[in-house]
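Overview (structure and organization)
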Amino acid sequence: QVQLVESGGGLVQPGGSLRLSCAASGSAFSTYTMSWYRQPPGKERALVATISNGGRTTNYADSVKGRFTISRDNAKNTVTLQMNSLKPEDTAVYYCHARSIFEGTSSWGQGTQVTVSS
């Protein structure tokens, strides 16, 4: 139900960094659990990171732990994924996801391409 728009994707060399942003519509952003998923070409979409509605707790996939950081700014209706020490296997379309803590309903962004290559 909420509209999500990702930005910040692009081409980066191995070992480099990239910062993805997701802007959400509406006035209920602080009631959404926010996540980043990614889908490499030919593979299934997988969870990368999750942050609670108030930003109190975060969770990460083992493959990105220590390299990626998820954060949110409820005053600006945005969630961010800071990606450091990027590897070729991080290449994927990255999607923003919102889930209502009250209703359990969810929404997806359109995705943004991240390519890690020399």
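Let me sum up the structure you'll find in this document. What you are looking at is a predicted structure, and each value in this text was computed from that prediction instead of being measured. (Residues numbered from 1 in each chain as written. Predicted model: local features only at pLDDT ≥ 70, side-chain atom pairs only at ≥ 80, totals over all residues. Heavy atoms only, no water.)

Points about the sheet that holds strand β8 (residues 78-83)
Pairing within the open sheet is antiparallel, and its four strands lie in the order β1-β3-β8-β7. Strand pairing shows two members of the sheet lacking a second neighbour, β1 (4-7) and β7 (68-73), which therefore form its edges. Put simply, the sheet's adjacent strands are angled 15° from each other on average, direction ignored. As paired strands, strand β3 (residues 18-24) and β8 are joined by six bridges and run antiparallel to one another. In the strand pairing of β8, Ala23 is matched with Thr78. (Pairing = 2+ DSSP bridges. Helix = DSSP H or I, 4+ residues; strand = E, 2+ residues; numbered from the N terminus. Axes fitted to C-alpha atoms, helices over the stretch in contact; angles between N-to-C directions.)

Comments concerning the nonpolar core
Residues Met34, Trp36, Val79, Leu81, Met83 and Tyr94 are the most contacted members of the largest nonpolar core, which totals 27 residues. Elements represented by at least two residues in this core include exactly β3, β4 (32-39), β5 (46-51), β7, β8, β9 (92-100) and β11 (112-116). (Core = buried A, V, L, I, M, F, W, Y, C linked by side-chain atoms within 4.5 Å. Buried < 20%, exposed > 50% of the residue type's maximum accessible area, 1.4 Å probe, protein only.)

Topic: the pattern of salt bridges
Inspection of every chain in the model, using the stated rule, returns three salt bridges. Ionic pairing is found between Asp90 and Arg67, a salt bridge with its closest N-O pair at 2.8 Å. Remark: Arg67 occurs in the loop between β6 (58-60) and β7 and Asp90 occurs in the loop between β8 and β9; sequence separation between them is 23 residues. Among the charged side chains, a salt-bridge network with shared partners connects Arg38, Arg67 and Asp90. (Salt bridge = Lys/Arg side-chain N within 4 Å of Asp/Glu carboxyl O.)

What about the state of the cysteines?
Per the stated rule, a full pass over the model turns up one disulfide. Bridging Cys22 to Cys96, the disulfide has an S-S length of 2.1 Å. Measuring the twist about the S-S bond at about -85°, one finds the Cys22-Cys96 disulfide to be left-handed. A residue pair is termed long-range when its members are at least 10 positions apart, and Cys22 in strand β3 and Cys96 in strand β9 qualify at 74 residues. The same class applies to Cys22 as to Cys96, namely buried. (Disulfide = S-S within 2.5 Å.)

Some remarks on the side chain of Thr91
By secondary structure assignment, the location of Thr91 is in the loop between β8 and β9. Within the local environment of Thr91, its side chain forms a polar contact with the backbone oxygen of Pro88, the two atoms lying 2.9 Å apart. Here the side chain of Thr91 touches Val116 through a polar contact of 2.9 Å, landing on its backbone nitrogen. When near neighbours in sequence (up to four residues on either side) are disregarded, Thr91 contacts Pro40, Pro41, Gln113, Val114, Thr115 and Val116. (Polar contact = N/O pair within 3.5 Å; in protein donor to acceptor, adjacent residues only side chain to side chain. Contact = heavy atoms within 4.5 Å.)

So, the pairing of β11
Along β11, the buried face is formed by Thr112, Val114 and Val116; none of Gln113 and Thr115, which line the opposite face, is buried. Pairing of strand β2 (residues 10-12) with β11, which is carried by three bridges, proceeds in the parallel orientation. In the sheet register, Gly10 faces β11, and the bridge partner there is Val114. Both β9 and β11 contribute to a ladder of three bridges, which runs antiparallel. Residue pairing in the sheet places Val93 in a bridge with Gln113 of β11.

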